[in-house]
Structure formats: structure tokens, C-alpha cells
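Fold and geometry: a report
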Amino acid sequence: MGLQGEVRLSDLKVKVHKISTVVPAGETEQCTLFMSNIDQVLAYYVETVYFYDKGGDAAAELLQEALGRVLVPYHFLAGRFKLNPKLGRMELECNREGVSFAAASCELRVSDLGDISVPNPLFRNLVLLPDEGKALNDAPLITIQVTKFSCGGFAMGVYMSHASLDGIGALEFFMNYCSVARGDGMQVIPKPDRTMLAARSPPQVTFDHTEYVKLSDLMAAAAAAKATAFTTPDSANAATRAPQKHVYKSFSFTPDRIAQLKKAVLDESTATIDKCSSFEVIVAHLWQARTRAVEMDPDSPSKLFFAVDIRNKVDPPLPKGFAGNGVLSAPCVKTLARDVRENSLGYCVRKVQEAIAAVTDEYVRSSIDHGELYRGVPALHGGIFISPWWKIPFQELDFGWGRPLYAGPVVNDRVEFVLLLHNGKQDGGLNAYLALEPAEMDKFEKLLQV
């Protein structure tokens with residue numbers, strides 16, 4: 001999707017005035033942090049943007065100063081990744097190399113950008129992207145760009161390594177960042193120690209983790225195809241990008257529509273479901289509608305993936321303020337396409353619920369041990385991965401000028417990824433954003449209304 005009204009794609013011109021390196025504003029520990037096998041898999045960056053309707057005149061200076069202060073407790077974000085050749089794994093070196101911060105401006109108004117709740121590749125102009133040629137140990141873990149608009153509003157574009165923080169950890173970082181900027185101090189003290197998610201010795205794989213492909217299998221396939229394995233930031237970002245024949249569309253789920261779907265499931269006499277969450281019913285509905293819309297062998301598996309927060313799944317639970325990756329892929333929901341198409345929505349909801357319930361402490365430990373032995377990566381081929389952005393309240397981030405007009409990812413160019421996004425309102429609804437081929441998209445849109 002492009003800009004609306006009379007604004008053309010080429011009109012989102014951003015002038016970067018200054019790029020600075022921000023380091024912690026006080027003394028910090030210099031050390032090397034262990035990175036879990038969950039961290040190792042997530043070696044890619046996520047681009048997000050936050051639009052505000054006021055504060056632009058002071059935002060860059062205030063946010064740069066506040067960043068230095070919040071980086072004292074979050075000193076590891078000012079560090080760099082490094083490869084430990086003996087262990088064959090990444091580590092996080094807390095060396096105060098710093099975070100990149102840019103002050104920029106744009107002659108447009110925020111209102112000129114059209115529907116900012118829809119991911120837009122043009123919004124990458126609002127994000128400070130590091131030099132592509134930078135080595136792993138030179139690349140910042142996070143960059144921030146503050147772009148002032150002519151209306152007095154501003155956008156904060158963020159480029160953050162997923163290996164450093166998951167969505168909840170990133171939210172807590174920004175909630176602290178906001179609080180410090182407002183002069184209120186820290187809300188949550190970060191705990192970046194990830195050793196509680198280390199593999200067991202010896203590793204004990206007690207489940208069949210079909211949600212992952214072993215690195216050895218992937219490398220063999222990559223060599224045969226003369227491709228790069230899905231193990232680096234570049235290949236992770238490129239492996240599932242949509243070809244040109246795919247189109248993107250955003251679909252709205254209003255509170256009434258969500259309630260309607262829940263009622264349909266609970267009214268089914270064959271579903272034997274007493275309750276279901278909004279997440280469960282929306283994920284099941286999207287999975288079923290997409291499976292019906294996509295041309296695939298009815299006897300081939302239709303696969304569904306989604307991540308589960310494991311903070312309270314492990315024993316003992318991860319500490320409050322855990323600053324790392326406390327999310328894990330649930331067991332792959334794999335069912336014959338015929339069964340997904342022909343059965344009821346309640347059938348699909350039950351499959352989703354079973355996958356969530358299967359994530360126990362032992363399952364988490366087994367998955368981590370599987371990563372220790374096989375260096376697996378998500379087996380997304382032939383399936384979809386649903387990412388519930390809307391469940392993480394980034395829209396609450398208030399630096400002192402009120403909550404953002406919108407907060408979310410800049411763009412999604414991966415065929416297998418379906419984003420569940422906040423709709424920019426405070427009504428409990430959400431938007432689903434995904435890619436399909438044009439004919440499939442037409443069928444999907446009709447099926448979604450059933």
C-alpha cells in the first residue's frame with residue numbers, strides 16, 4: 001500500500017540532520033552475556049515506527065538525552081554481538097560501543113501519510129538503517145531515528161535486534177525509556193541474565209520438535225540450491241520474502257466480529273469447547289480461511305506456527321524484568337489440509353488450544369536442548385507463522401506528549417508471516433495483515449467473512 005490522497009510515494013523525503021552515538025550516561029559493567037538457544041535462532045532485526053501528533057520541536061533532544069540515561073540499566077543494548085569460535089555461538093559483549101541515534105525532519109504532515117495503521121515499506125525512510133557492510137561485531141543492537149513533521153508531530157523509527165529482546169522485553173525497555181523521558185525514573189529493573197534458559201547437560205530431547213528444521217538438513221538443502229542457510233540476519237530477512245506476484249492486504253476484526261466468532265465456536269455441539277480466547281479464535285479462523293483459499297493437495301499437511309510466552313511456563317518462572325527472549329514456538333499445528341477445510345471452526349480452535357497447552361516446562365527444556373544438539377530453525381515451509389503484535393501494548397508508550405497515533409511494524413515482506421496488529425483504536429479490535437497471490441487473496445477475503 002502506498003500513501004493516500006495527493007501524496008506520492010516519492011514525496012516521503014526525510015532529511016537526516018545528525019547521527020550520534022549514544023552511550024550509557026553513567027558507569028556500567030563491562031562483561032559478556034550468555035545468549036540462549038532461543039536468542040540464537042532470532043538473529044534478525046525488527047523495524048517499528050511510532051507516530052505522535054505533537055512534541056516534534058523538542059522530541060529529538062529530549063529522547064537522545066533520555067536514551068543515555070536509560071542505557072545505564074540497559075547497558076547490554078549498547079554492546080555488540082560477537083561469535084565465540086570455540087563454542088560456535090553468539091555472545092553479547094557489553095562494551096559500551098553505543099546506540100545510533102538520528103535527528104531528522106520531513107516537510108509533510110503526519111496526516112499526509114494516509115492510513116498509518118497499515119505497514120508501509122515507505123516508512124523505512126523513518127528508520128535509521130545501519131550500513132549493510134557492517135560486520136556482526138560492529139553493528140549496533142538498536143538504532144533510533146526521530147523525524148519531525150511540519151505539523152509539529154514526529155515519528156520514532158526503531159531498528160532493534162530480536163536476539164537482544166523479545167516483544168515483551170522491548171515493551172518494558174520502551175516503557176522505561178518513556179518514564180525516564182518524563183522524569184519519572186525506571187518502572188522495571190531489567191534482568192538480562194539468560195543462563196536460566198541454558199541447555200541441560202547432557203541435552204535431553206523428549207519431544208519430536210517438528211516445528212524446527214535441523215541446521216544440517218537446512219545446509220544440505222541450501223547447498224543443493226546454492227542458497228544461504230537461514231542462520232544469519234541477512235538470510236533470515238531474505239529467506240521468506242514475498243515474490244512480486246504476492247499482494248498484501250489488511251483485514252479488520254472488530255470487537256463485534258470477534259464476539260461473533262467466539263459464539264459460533266461455543267455454540268457448536270461437536271467442538272466440546274467451554275471457552276476460547278480472542279487470540280485462539282482469530283488464529284484458527286485465519287488458518288482455516290487461508291488453507292481453504294490456497295491451492296494445495298488436500299492430503300498434504302497444513303501447518304500453523306505461533307510463539308508462546310514462556311515466562312510463567314518454566315519452573316521456576318523467569319524473573320520480573322527478564323530482558324531476553326522468553327518466547328518459544330509452540331508445537332507445530334500440523335493437520336491434513338482436507339481436515340482443516342472440511343471441519344468446523346471449533347475443530348481448528350481446539351487444535352490451537354492443544355498446541356498452547358502442550359508448552360510445559362519440560363517442553364521448553366526439550367526445545368532448548370534440541371537447539372543445542374541440532375541448531376534448528378523454524379520450519380515455516382508449507383505453513384504460516386502468526387505474530388500477535390496487538391497483544392503487546394506498544395500503543396501505550398507516552399514520552400510526555402500523549403500516546404502514539406499508531407505503533408507497529410514498518411513492513412512485513414514475508415509470505416509466511418501473518419501480523420495481528422493494533423487497529424489504532426482503543427476498542428479491543430485488531431487488524432490482520434498478510435500476503436497471498438491475487439486469486440488466493442480474493443478467495444480468502446470472501447472466506448474470512450463466513
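Preceding this section is the structure that the text describes.
Each chain carries its own residue numbering, running from 1 in the direction its sequence is written. The predicted nature of this model means local features are confined to residues of pLDDT at least 70 and side-chain atom pairs, given and counted, to a pLDDT of 80 or more, with totals for whole chains, interfaces and linings taken over all residues. Hydrogens and water are ignored here; the side-chain numbers use all heavy atoms of the structure.

Paired strands, in this sense, are two strands between which DSSP finds at least two bridges. Helix numbers and strand numbers start at the N terminus; a helix is a DSSP run of H or I with at least 4 residues, a strand a run of E with at least 2. Taking strand neighbours across the sheet as the criterion, the three strands line up as S2-S5-S4 in an open arrangement whose pairing is antiparallel. Of all the strands in the sheet, the pair left with one neighbour each is strand S2 (31-33) and strand S4 (80-84). If you compare each strand with its neighbour and ignore which way they point, the axes differ by 40 degrees on average. To get an axis, a line is fitted to the C-alpha atoms, and for a helix only the part in contact is used. The angle between two axes follows their N-to-C directions and goes from 0 to 180 degrees.

Stacked, tilted and edge-to-face pairs are distinguished by plane angle, under 30 degrees for stacked and over 60 for edge-to-face with tilted covering the rest, among Phe, Tyr and Trp rings (Trp via its six-membered ring) whose centres lie within 6.5 Å. For the structure shown, the criterion picks out 19 aromatic pairs. Note on Tyr50 and Phe174: the rings are 5.7 Å apart at their centroids and 45 degrees apart in plane angle, and the pair reads as tilted. One end of the pair, Tyr50, is in strand S3 (residues 45-52); the other, Phe174, is in helix H3 (residues 167-181), with 124 residues separating them in the sequence. Type-normalised accessible area, obtained with a 1.4 Å probe on protein chains alone, sets the label of each residue: buried when under 20%, exposed when over 50%, and partly exposed for intermediate values. Assessed through its relative accessible area of 2%, Phe174 is described here as buried. Consider the rings of Phe251 and Phe444, whose centres lie 5.3 Å apart with planes at 70 degrees: the pair is edge-to-face.

Attention now moves to the nonpolar core. Here, nonpolar core refers to any group of buried Ala, Val, Leu, Ile, Met, Phe, Trp, Tyr and Cys residues whose side-chain atoms link them within 4.5 Å. Ranked by size, the top nonpolar core spans 72 residues in total, and within it Phe51, Leu67, Met156, Phe173, Phe174 and Tyr177 carry the most contacts. With eight residues, H3 is the single largest residue contributor to this core. Viewed by domain, this core spans two of them, domain 1 (14-194) and domain 2 (212-391 + 412-448), each represented by three or more residues. Counting 56 residues, the second-largest nonpolar core is a separate cluster that includes Ile38, Ala289, Ile386 and Met441. For each domain, the first and last residues come from an automatic or database assignment.

Moving on, we come to the pattern of salt bridges. The term salt bridge refers to a side-chain nitrogen of Lys or Arg lying within 4 Å of a carboxyl oxygen of Asp or Glu. A complete count under the given rule lists 18 salt bridges for this structure. Of the charged contacts, one joins Arg109 and Asp112 as a salt bridge, the two residues approaching to 2.8 Å between their closest N and O atoms. Put simply, Asp184 and Arg182 hold a salt bridge, and the shortest N to O gap is 3.2 Å. Classification of Arg182 by relative accessible area gives partly exposed; the value is 34%.

A separate point is unusual backbone geometry. Backbone torsion omega between Ser201 and Pro202 reads 0 degrees, so that peptide bond is classified as cis. Topologically, Pro202 is positioned in the loop between H3 and strand S9 (212-213). Note the cis peptide between Asp315 and Pro316, where omega equals 0 degrees. Checked against the element boundaries, Pro316 lands in the loop between strand S11 (301-309) and strand S12 (327-329).

Relative to each other, helix H6 (residues 255-266) and helix H7 (residues 278-293) sit at 85 degrees, their axes nearing to 10 Å. In terms of orientation, H6 and H7 fall into the roughly perpendicular class. On H7, the residues touching Arg257, Ile258, Leu261, Lys262 and Val265 of H6 are Ser278, Val281, Ile282 and His285. Gly is put with the polar residues, along with every residue not named as nonpolar or charged; the nonpolar set is Ala, Val, Leu, Ile, Met, Phe, Trp, Tyr, Cys and Pro, and the charged set is Asp, Glu, Lys and Arg. Of the residues contributing to the contact of H6 with H7, the split by class is five nonpolar, two polar and two charged. We call two directions roughly parallel when the angle between them is under 35 degrees, roughly antiparallel when it is over 145, roughly perpendicular when it lies between 65 and 115, and oblique otherwise. We call two residues in contact whenever any of their non-hydrogen atoms come within 4.5 Å of each other.

Let us now look at the side chain of Asp39. Positionally, Asp39 belongs in helix H1 (residues 37-41). Counting of polar contacts relies on pairs of N or O atoms within 3.5 Å, with two restrictions inside protein: one atom must be capable of donating a hydrogen and the other of accepting it, and residues adjacent in sequence are counted only when both atoms are side-chain atoms. In this structure the side chain of Asp39 is engaged in a polar contact, spanning 2.8 Å, whose partner is the side chain of Asn325. In contact with Asp39, not counting residues within four places along its chain, are Ala163, Arg194, Gly324 and Asn325.

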